[in-house]
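Observations on the three-dimensional arrangement
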Amino acid sequence: MDLFDHALEQDLKKKAPLAARLRPRTLDEFVGQEEIVGKGKLLYRAIMADRLFSSLIFWGPPGTGKTTLAMVIANHTESHFTSLSAVMAGKADLRQVIKEANDLRKMYQKRSILFVDEVHRWNKAQQDGLLPYVENGTITLIGATTENPYFEVNSALVSRSRIFQMKSLTDENISTLLHRALEDQERGYGDKEVKLDEDAEAHLIRVAGGDGRNALNALELAVESTLPDKEGVIQVTLDIAQDSIQRRAVLYDKDGDAHYDTISAFIKAIRGSDPDAALYWLAKMLYAGEDPRFILRRLIISAGEDIGLADPMGLVVANAAAQAFDFIGLPEGIYPIVEAVLYLSTAPKSNSAGAYFKAYDLIEKSSRTGVPNHLKDSSRDRKALGHGQGYKYPHAHPDHFLPQQYLPDDLLGTYLYHPSTQGYESEVDERLTRWREAQRKALNIKTTEDIPDLTEQEIQSIKTRHKKGTK
């Protein structure tokens, strides 16, 4: 490198984007991913000791530190470190890297580490070309990918690598990055007087969606495009933050009333069979930066609580949407979420699964009741105590049903479950009415007790007790 090249490199560093200037140089500066590189963790120890135990693949959303962690490794290692972008590099570049690695190994017994950004973009032939040199130790590969490596990366390469899944940064992580940018005098804005309003910071954190680069880019635009006031202070307000990240703030606090009120409105719209309202509240939550997985969990609950057996496919669709989202992520992952919202909103409704809470309430209020003898496990005490004797196997009878006792003696004739007449559950109602009538006749049940459905307040009270009792 001559004098002019050095001057150019220094100038580029100085004028690089804020996110690039603030890129951590050591593990102690690294923010987030404590499960992977927290102090004492396996990868932390391997990096600090400069003893990478195998090739690595970092998999996670944009802005979570995949490339940054590779650069930290480059700063810590005495190995020859080379970086390639799979978007730009081809076979010729790979051959050159391998040649250099071979030469260094032969002449100096020096190890070589190759970092490949967006490794999933290399085709199978390119990935296959790297495989022998990873296998014989000529190269230690560090790959970074936003796609699932088990599907997008050569399986032979994956099997020879350790996969580390990196998660979106937390709000606290993003806040740490923003304050570091404001305080760092060498690489950030510590040499200027910048005041970031609390609501502006909250908006940047929310809209960044766990992407540290996104948050820093927005902060940089806000600071660089705002003139200092008379006192020389650059005031970053909510309006400036909104313009910088091109998203308007909405009333939504992930830990406050707006969060719970919005998800409540969303679920009630689904329960009330209003797909338009459900889509509106869904859009508000996602716009405000809500975690899609939280929404999907509530959809699965709604499928069991509000749709139930009126349409058993509701639970299947909601669960499939959650799995699909984990597979593809945002932005395309919105489609399975929307499909589940529309399906549940327009499905027939039944809350009959709430019958469980009637059973739980009954258990709380009643004395301990033993299991009828013929229902007990016959594999241990059949001979000595007669357990299981008298039990009749339903599958050995026509229609795979015969009337016999299944509840304790003092609860015979107690009915907790009342099927609705909606959708598929209307068929359940017809069958169950027939079976219960046959059971009453066979067991000579004179009186029956239909335990009425619980009110919403009663269900919530039982849910609270249930939560405490099942911890």
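Here's a quick rundown of the structure. Quantities reported herein were computed from a predicted structural model and do not represent experimental measurements. (Residues numbered from 1 in each chain as written. Predicted model: local features only at pLDDT ≥ 70, side-chain atom pairs only at ≥ 80, totals over all residues. Heavy atoms only, no water.)

Concerning the overall build of the protein chain
Counting secondary structure elements, the protein chain contains 22 helices and 9 strands. Radius of gyration (C-alpha) of the protein chain: 31 Å, far over the 23 Å computed for a compact globule of 471 residues. Structurally, the protein chain occupies a C-alpha span of about 100 × 65 × 35 Å along its principal axes. Within the protein chain, the proportion of its 471 residues that are buried is 43%. Excluding contacts between residues fewer than 6 apart, the proportion of contacts in the protein chain whose partners are at least 24 apart in sequence is 72%. (Helix = DSSP H or I, 4+ residues; strand = E, 2+ residues; numbered from the N terminus. Rg over C-alpha atoms; globule rule 2.2 N^0.38 Å. Buried < 20%, exposed > 50% of the residue type's maximum accessible area, 1.4 Å probe, protein only. Contact = heavy atoms within 4.5 Å.)

Considering the nonpolar core
Within the largest apolar cluster, 28 residues are counted, with the highest numbers of intra-cluster contacts made by Leu178, Leu216 and Leu219. Counting residues per element, the ones that place at least two in this core are helix H2 (18–21), helix H10 (171–183), strand E6 (193–196), helix H11 (198–208), helix H12 (212–224), strand E7 (233–236) and helix H13 (238–245). With 6 residues, H12 is the largest single contributor of residues to this core. Counting 25 residues, the second-largest nonpolar core is a separate cluster that includes Phe294, Ile295, Ala318 and Leu344. (Core = buried A, V, L, I, M, F, W, Y, C linked by side-chain atoms within 4.5 Å.)

Structural notes on the packing of helix H16 (residues 292–307) against helix H18 (residues 334–346)
Their axes nearest at 11 Å, the elements H16 and H18 cross at an angle of 20°. With respect to each other, H16 and H18 are oriented roughly parallel. For the element pair H16 and H18, the recorded crossing hand is left-handed. On H18, the residues touching Pro292, Leu296, Leu299, Ala303 and Ile307 of H16 are Ile337, Ala340, Val341 and Leu344. Classifying every residue of the contact of H16 with H18 by side-chain character gives 9 nonpolar, no polar and no charged. (Axes fitted to C-alpha atoms, helices over the stretch in contact; angles between N-to-C directions. Parallel < 35°, antiparallel > 145°, perpendicular 65-115°, else oblique. Left-handed = near helix turned anticlockwise from the far one by under 90°. Nonpolar A, V, L, I, M, F, W, Y, C, P; charged D, E, K, R; others polar.)

Considering the packing of H10 against H12
H12 packs onto H10 with a crossing angle of 35° between their chain directions and a minimal axis gap of 10 Å. Handedness of the crossing formed by H10 with H12: right-handed. Residues Ile174, Leu177, Leu178, Ala181 and Leu182 of H10 pack against Gly212, Ala215, Leu216 and Leu219 of H12. Looking at the contact of H10 with H12 residue by residue, the classes come out as 8 nonpolar, 1 polar and no charged.

Description of the sheet that holds strand E3 (residues 112–117)
The strand order across the open sheet built from 5 strands is E2-E3-E4-E1-E5, with neighbouring strands paired in parallel fashion. Of all the strands in the sheet, just strand E2 (80–85) and strand E5 (161–165) have a single pairing partner and so form its edges. The average undirected angle you get between the axes of adjacent strands in this sheet is 15°. Looking at chain direction, strand E1 (residues 55–59) and strand E4 (residues 140–145) are connected through 4 bridges and run parallel. The residue bridging phenylalanine 58 from the neighbouring strand is alanine 144, located in E4. Helix-sheet contacts for helix H6 (residues 91–108) involve E2 and E3, and the interaxial angle to E2 is about 175°. (Pairing = 2+ DSSP bridges.)

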